[in-house]
Amino acid sequence: MTTVDDVSRPAVTDVSGPSRVAASGEGISAEELQLAARNHGIPLEALRYDVTPAGLHYLLIHYDIPELDPAAHALTVDGAVDRPLTLSLADLRERPRVTRQVTLECAGNGRALLHPRPVSQPWLVEAVGNAEWTGTPLAPLLREAGLAPDAVDVVFTGADHGVERGVEQDYQRALPVADALRDEVLLAYEMNGAPLLPQHGAPLRLIVPGWYGMAHVKWLRSVSVVTEAFEGYQNAVAYRLRQDADDPGIPLTRIEPRALVRPPGFPDFMSRARVLRPGPCTVDGRAWSGHAPVVAVEVTTDGGATWAPATLDEPTGGEFAWRRWRFAWTPEPGRYVLGARATDASGRTQPVEQPWNRGGFANNLVQRVEVAVVPE
Ligand SMILES: Nc1nc2c(c(=O)[nH]1)N[C@H]1C(S)=C(S)[C@@H](COP(=O)(O)O)O[C@H]1N2
Ligand SMILES: [Mo]
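What counts, and at which threshold
- Residues numbered from 1 in each chain as written.
- Chains lettered and ligands numbered in written order.
- Predicted model: local features only at pLDDT ≥ 70, side-chain atom pairs only at ≥ 80, totals over all residues.
- Heavy atoms only, no water.
- Pairing = 2+ DSSP bridges.
- Helix = DSSP H or I, 4+ residues; strand = E, 2+ residues; numbered from the N terminus.
- Core = buried A, V, L, I, M, F, W, Y, C linked by side-chain atoms within 4.5 Å.
- Buried < 20%, exposed > 50% of the residue type's maximum accessible area, 1.4 Å probe, protein only.
- Domains from an automatic or database assignment.
- Contact = heavy atoms within 4.5 Å.
- Polar contact = N/O pair within 3.5 Å; in protein donor to acceptor, adjacent residues only side chain to side chain.
- UniProt positions renumbered as here; feature names shortened; annotations may be inferred.
- Near = heavy atom within 4 Å.
- Nonpolar A, V, L, I, M, F, W, Y, C, P; charged D, E, K, R; others polar.
- Salt bridge = Lys/Arg side-chain N within 4 Å of Asp/Glu carboxyl O.

- The name that an unreviewed UniProt entry assigns to the protein is Sulfoxide reductase catalytic subunit YedY, with the source organism given as Micromonospora krabiensis.

Following this line, the structure appears as structure tokens:
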């Protein structure tokens, strides 16, 4: 890692550890808006699809989308291995092919709802998608390369390059060896049955089912085995749960449980508040967790004062895909605040009051969907 000199690049953010926290009452800045316009969320009505169409899946891109030629692209597997490998996309496509539905969620989802607000990509609740990823499992490739007995981490490097808090870097993330060797981890070259789109990592990305988005390295060009804990920026500085800038924090790994409501009725253009007709309807949505299967979803229509159980559909997408839930509701005219709360088999659930952290990560506070029920 090199440090970029502020003098040579005046517009580069200063070097001061984790990102800034907004002052009380400080609105979303033009810089946050710039990020939000590049990195869009899922339109919540798209929760209707079991498999999120590629163009409706959320996006998070730290730097620029790199320009890569699939025909010339090569993946290297090196470092602490007996036999370093270089594979073309054609080589990877000849290997065993697996398709898996995986719910991806950005670790920063919910950040903009924290008080005070950590200044970064200002997600509300929409940084999620559930796609079908096709590729070849990573573990057999690592075994063919022959992991050194003292291997500790596997470092995944993307072809994108930028500066973050003054540190110039390739986007890189490491996984502990045991996590990299999980059967489910894929080197993916297709999304929803088509070659990866540029914004989703074409021509090759990592998929780490159950983990927050930052682990799923896009534009993957190198897999390198190391014998000491990786200290790269995205592991050691960025994606950690900490209370203040000096707190070493704990690394983010798996996705906390969350349920989202597919907003019923029709929206008000500006506020997105919902308008719904009185009478029987079915409210539905999706629920997921990266720790264990979702076992229960409860629904509130009064902003969390009372809860009633929803029914869960049979899982359609496997262990790492979100699950649909449904709730029968017959509202009278009036104003309501809908929300849903998922609980997984590990006992984890969603808070009604969110603990704060410095980076604005893993905020799985129950969503608030304002609904006005009005007769025609
Ligand atoms: N190379 C690279 N990989 C990356 C990123 C990136 O900026 N560069 N962003 C990560 C983050 S923070 C998230 S949330 C997911 C988003 O994946 P998606 O844009 O396909 O939804 O990609 C991850 N992989
Ligand atoms: Mo992310």
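Resuming the write-up.
## Overview of the sheet that holds strand β22 (residues 334-344)
Here is step 1: Read across the open sheet, the six strands follow the order β15-β16-β23-β22-β18-β19; overall the sheet is mixed. The open sheet terminates on both sides in strands that have one partner only, identified here as β15 (266-267) and β19 (308-309).
Here is step 2: The sheet contact formed by β22 and strand β23 (residues 369-373) spans five bridges and is antiparallel. The residue bridging L338 from the neighbouring strand is V369, located in β23.

## Focus: the sheet that holds strand β21 (residues 323-329)
Note on sheets: strands pair through backbone hydrogen bonds, and any given pair is parallel or antiparallel.
Here is step 1: Strand order across the open sheet formed by four strands is β14-β17-β21-β20, with antiparallel pairing between neighbours. Where the open sheet ends on each side, the last strands, each with one partner, are β14 (258-261) and β20 (311-312).
Here is step 2: Relative to strand β17 (residues 281-288), β14 is paired through four bridges, and the arrangement is antiparallel. Within β17, the residue paired with L260 across the bridge is R286.

## A few points about the nonpolar core
Here is step 1: By size, the foremost hydrophobic cluster in this structure holds 52 residues, and its most contacted members are L75, F156, L187 and L206.
Here is step 2: Counting residues per element, this core draws most heavily on helix α3 (residues 138-145), at four residues.
Here is step 3: Both domains that furnish three or more residues to this core are identified here as domain 1 (22-251) and domain 2 (258-373).
Here is step 4: Setting aside anything within four residues of it in sequence, one finds L75 in contact with L85, T86, L87, L92, L141, L187, L204, L220, R221, S222 and V223.

## As for the side chain of R95
Here is step 1: With respect to the secondary-structure elements, R95 resides in the loop between α2 (89-94) and β4 (98-105).
Here is step 2: Classification of R95 as buried rests on a relative accessible area of 15%.
Here is step 3: Within the structure, the side chain of R95 is placed 2.9 Å from the side chain of E144, a separation counted as a polar contact.
Here is step 4: Leaving out residues up to four positions away in the same chain, R95 has contacts with L87, T136, P140, L141 and E144.

## A closer look at the UniProt feature "domain: Moybdenum cofactor oxidoreductase dimerisation" (unreviewed entry) in the protein
Here is step 1: UniProt's feature table lists "domain: Moybdenum cofactor oxidoreductase dimerisation" (unreviewed entry) at residues 279-372, given in the numbering used throughout.
Here is step 2: Annotated as residues 279-372, this span is 0% helix and 44% strand, and its ends, taken at the C-alpha atoms, are 13 Å apart.

## Overview of the pairing of strand β5 (residues 128-137)
Here is step 1: Counted residue by residue, β5 has nine buried out of ten residues, so it is predominantly covered.
Here is step 2: Relative to β5, β4 is paired through eight bridges, and the arrangement is antiparallel. Bridging across to β5, V102 finds its partner in A131.
Here is step 3: With five bridges connecting them, β5 and strand β8 (residues 186-191) associate as antiparallel partners. Bridge pairing in β8 places G135 opposite A188.

## Regarding the site of ligand 1
Here is step 1: With respect to spatial proximity, 19 residues lie near ligand 1, and among them H62, D160, H200, R205 and K218 are the closest.
Here is step 2: Partitioned by chemical class, the residues of the shell around ligand 1 number eleven nonpolar, five polar and three charged.

## Notes on the pattern of salt bridges
Here is step 1: Per the stated rule, a full pass over the model turns up 13 salt bridges.
Here is step 2: With a closest N to O distance of 2.8 Å, D170 and R221 form a salt bridge. Within this pair, whereas D170 is found in strand β7 (residues 167-176), its partner R221 is found in strand β11 (residues 220-226), the two being separated by 51 residues in sequence.
Here is step 3: Taking relative accessible area as the criterion, D170 reaches 25% and is therefore assigned partly exposed.

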